[in-house]
Every structure is written in structure tokens, then in C-alpha cells.
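Next come the chains, spelled out residue by residue.
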Amino acid sequence: MPIIIRLFAGLAEALGSSSLAFQSPETPLTAGRLKELLCASYPDAAPQINVSLVAIDHEYAPDDSVISEAAEVALIPPVSGGESVSLTEETADGMFCITGQPLNGESLLDKVLDANHGATLLFVGTTREMTGTQRTTALHYEAYVPMALAKLQEIGSEVGERWNARCAIAHRTGLVGLKEASVIIAVSAAHRDTCYEASRYAIEKLKASVPVWKKDIGASGEQWLGADPKAKEFRLL
């Protein structure tokens, strides 16, 4: 069975392509078995493949998930920040977007303002220069855009259901310089304690589940952050 697999970040670099045409000798094929076959076919990349997750049609897939020939398949490596985009792609309601353009906090804030909400927060994540003794000059972000937008929508829905709050999120791709915003989250709620809690949940959930990757660019070179092939658990930064 022929399968086209999308690749991202360090895994794409390891295999030298952003997509892989793979001919499976087995059918039906599960997500877990696909990883086993890929590890056997690409032993040099096996450590990264082992700690990656399989996504089928923009959803994370358990090992026993069956892959159909028509499915969109991706390998999600354990790093944060595939391809950068210069244009803005957003959900139909405009509340969630992935863009290669500078982020605008004021316009995002306007999306969540509500006459019945007395608290509004704007979280802005920016590129910092120093991490311990390591100096960063810029970050490069990549995203699996369709799945990233779907996961951002899920976060917004969860925030609405749990805290009766409004949530909008914008994330950058491409090169993000020092002090520039890479992600902005706007949240409004009836009261400030609820708003703080919802905002904190949104950024932590984003870091844990949204397929966005980042590469640290500094004087000593470039590296995908969080790309530890020895890691026992999958995680996004």
C-alpha cells in the first residue's frame, strides 16, 4: 500500500525531505506498525521515529489506529517551532491563525472583548536572548498548519466550556527575532481569577499538543529545541 508521509523539523532534516513516499508491504497497516517499518527502512533516523507520534487526518493516532490509503499521514517529532508560511492561514471564524507575518496583539484582543466580561488578558510569548549560558539570536518556527489550526480550535473550545471564556490565538512561523512575538493568546472572562486560569491553561495546552516546532539560531549554530532522541516520552515545547 503506498503512503505519503509528511515530515517536519529535525525528522525532515534527518531524512532529507519534507515528505516521504513509502510503500508498505502490509495491509491493513496500523500507526504503530508503520513506525516499526520506517525504523527498519531508515535505521539512522530510527531514534527520532521511535519518539515521534503518528497523525492521521490531522489527529494524533494511537498505535492500533488503521491507516487507509486515502489518509493524510504525518510523523510528529518531539520538538517545538513543517514548513514555514509567509501568508496567514486562519480558521473560518478568524479566532485562530498561523502566520509568517508579525503578530498584532490589539487586533487579537478585539476578537475576545465581551460586554459581559470584566477581565481580559493578553499573553505574549517572545524570543529571549539568553537561556542559561546559551545566547540566541533568533528562533525559526515551523508548523503542520492544518493540524495546528485544528488543535488551536480545540483549545479555544475547551476554554469556552470550562471557564465560559473567549479565547483567540495567533502563532508565528518563519524567523522570529529577539523581543518579537512568536505567540499571542487573548482571553476574556467574567472575572480576573477565571481569566488568569484560562489563559495559563491555553498556553500550557498549546505547548503540549499543537504541532509547532522551533529551531534555536545562535552564535554556536542551530538546533531544534527539545529534539532528544533518547527521550522516553513524547513532548512538544
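Reference entry: report on the structure contained in this document. The model shown is predicted, which means the values in this text are computed figures rather than measured ones. (Residues numbered from 1 in each chain as written. Predicted model: local features only at pLDDT ≥ 70, side-chain atom pairs only at ≥ 80, totals over all residues. Heavy atoms only, no water.)

1. What to know about the packing of aromatic side chains
A ring pair, where both rings are aromatic, is described by two values, the distance of the centres and the angle of the planes.
For step 1, the next point in the chain: For the structure shown, the criterion picks out 3 aromatic pairs.
For step 2, the next point in the chain: Considering the side-chain rings of F8 and Y144, the 4.9 Å spacing of their centres and the 35° angle between planes classify their relative orientation as tilted.
For step 3, the next point in the chain: Owing to a relative accessible area of 1%, F8 belongs among the buried residues under this scheme.
For step 4, the next point in the chain: Sitting above the plane of the Y201 ring, R162 keeps its charged end 4.7 Å from the centroid. (Phe/Tyr/Trp six-rings, centres within 6.5 Å; stacked < 30°, edge-to-face > 60°. Buried < 20%, exposed > 50% of the residue type's maximum accessible area, 1.4 Å probe, protein only. Lys NZ or Arg CZ within 6 Å of the ring centre and 35° of its normal.)

2. Here's the deal with the layout of surface pockets
For step 1, the next point in the chain: In this model, the largest pocket occupies a volume close to 380 Å³.
For step 2, the next point in the chain: Taken together, 18 residues make up the lining of the largest pocket; nearest its centre are R128, T131, L139, K214 and L225.
For step 3, the next point in the chain: Going through the elements one at a time, β10 (119-126), β12 (134-143), β15 (181-189), α6 (192-209) and β16 (212-218) are the ones with two or more residues in the lining of the largest pocket.
For step 4, the next point in the chain: At 4 residues, the largest contribution of residues to the lining of the largest pocket is made by β12.
For step 5, the next point in the chain: A class-by-class count of the residues in the lining of the largest pocket yields 7 nonpolar, 7 polar and 4 charged. (1 Å grid on protein atoms, 1.4 Å probe; cavity = no way out; pocket = protein on both sides within 12 Å on 5 of 7 lines; lining within 4 Å. Points joined across faces, edges and corners; volume = space filled by probe spheres on them. Helix = DSSP H or I, 4+ residues; strand = E, 2+ residues; numbered from the N terminus. Nonpolar A, V, L, I, M, F, W, Y, C, P; charged D, E, K, R; others polar.)

3. Focus on the nonpolar core
For step 1, the next point in the chain: Judged by nonpolar contacts, the single largest core of 39 residues is most densely connected at L152, I155, V159, I169, I185 and L206.
For step 2, the next point in the chain: Among the elements of the structure, β9 (96-99), α4 (105-112), β12, α5 (145-163), β13 (166-172), β15 and α6 are those that each provide at least two residues to this core.
For step 3, the next point in the chain: Those residues within four positions of I155 in sequence are excluded, and the remaining contacts are I169, A202, K205, L206 and V210.
For step 4, the next point in the chain: Counting 24 residues, the second-largest nonpolar core is a separate cluster that includes C39, A45, I49 and L75. (Core = buried A, V, L, I, M, F, W, Y, C linked by side-chain atoms within 4.5 Å. Contact = heavy atoms within 4.5 Å.)

4. What to know about the sheet that holds strand β2 (residues 19-23)
Adjacent strands of a sheet form backbone hydrogen bonds with each other and so pair up, either parallel or antiparallel.
For step 1, the next point in the chain: Within the open sheet, the 5 strands sit side by side as β2-β1-β7-β4-β5. Their pairing is mixed. Strands with a single pairing partner mark the edges of an open sheet, and in this sheet they are β2 and β5 (59-61). The average undirected angle you get between the axes of adjacent strands in this sheet is 35°.
For step 2, the next point in the chain: Of the strand pairs in this sheet, strand β1 (residues 2-6) and β2 are connected by 5 bridges, and their pairing is antiparallel. In the sheet register, I4 faces β2, and the bridge partner there is A21.
For step 3, the next point in the chain: Running at roughly 100° to β2, helix α2 (residues 31-41) makes contact with β1, β2, β4 (53-56), β5 and β7 (73-76) of the sheet. (Pairing = 2+ DSSP bridges. Axes fitted to C-alpha atoms, helices over the stretch in contact; angles between N-to-C directions.)

5. A word on the sheet that holds β13
For step 1, the next point in the chain: One open sheet accounts for 5 strands, arranged β8-β9-β13-β15-β10; its pairing is mixed. Of all the strands in the sheet, the pair left with one neighbour each is β8 (89-90) and β10.
For step 2, the next point in the chain: In terms of strand pairing, β9 meets β13 through 4 bridges, oriented parallel. Bridge pairing in β13 places F96 opposite I169.
For step 3, the next point in the chain: Each of β8, β9 and β13 is contacted by α5, which is oriented at about 150° to β9, the strand it contacts most.

6. Considering the pattern of salt bridges
For step 1, the next point in the chain: Going through the model one piece at a time under the given rule, you end up with 10 salt bridges.
For step 2, the next point in the chain: Note that E13 is salt-bridged to K215, the shortest N-O span being 2.8 Å.
For step 3, the next point in the chain: Residue class for E13 comes out partly exposed when judged on its relative accessible area of 46%.
For step 4, the next point in the chain: Exposure remark for K215: the relative accessible area of 12% places this residue in the buried category.
For step 5, the next point in the chain: Residues R33 and E26 are paired through a salt bridge, measuring 2.7 Å at the closest nitrogen-oxygen approach.
For step 6, the next point in the chain: In this structure, a network of salt bridges that share partners links the residues E13, K215 and E222. (Salt bridge = Lys/Arg side-chain N within 4 Å of Asp/Glu carboxyl O.)

7. Remarks on α5
For step 1, the next point in the chain: Given a rise of 1.5 Å per residue, 19 residues ought to cover 27 Å, and the 27 Å separating the end C-alpha atoms of α5 matches this to within 8%.
For step 2, the next point in the chain: Here α5 has its buried residues at V145, M147, A148, L149, K151, L152, I155, G156, V159 and W163.
For step 3, the next point in the chain: Following α5 by one or two positions, N164 has its phi on the positive side, about 50°. (Expected span 1.5 Å × (residues − 1).)

8. Some remarks on the environment of A45
For step 1, the next point in the chain: One can find A45 in the loop between α2 and α3 (46-50).
For step 2, the next point in the chain: The exposure class of A45 is buried, given its relative accessible area of 3%.
For step 3, the next point in the chain: Between the alpha carbons of A45 and L11 there is a distance of 7.3 Å; along the sequence they are 34 residues apart.

9. What to know about the side chain of T91
For step 1, the next point in the chain: Its place among the elements puts T91 in the loop between β8 and β9.
For step 2, the next point in the chain: Given a relative accessible area of 7%, T91 falls into the buried group.
For step 3, the next point in the chain: Ignoring sequence-local partners within four residues, the contact set of T91 consists of F96, L149 and Q153.

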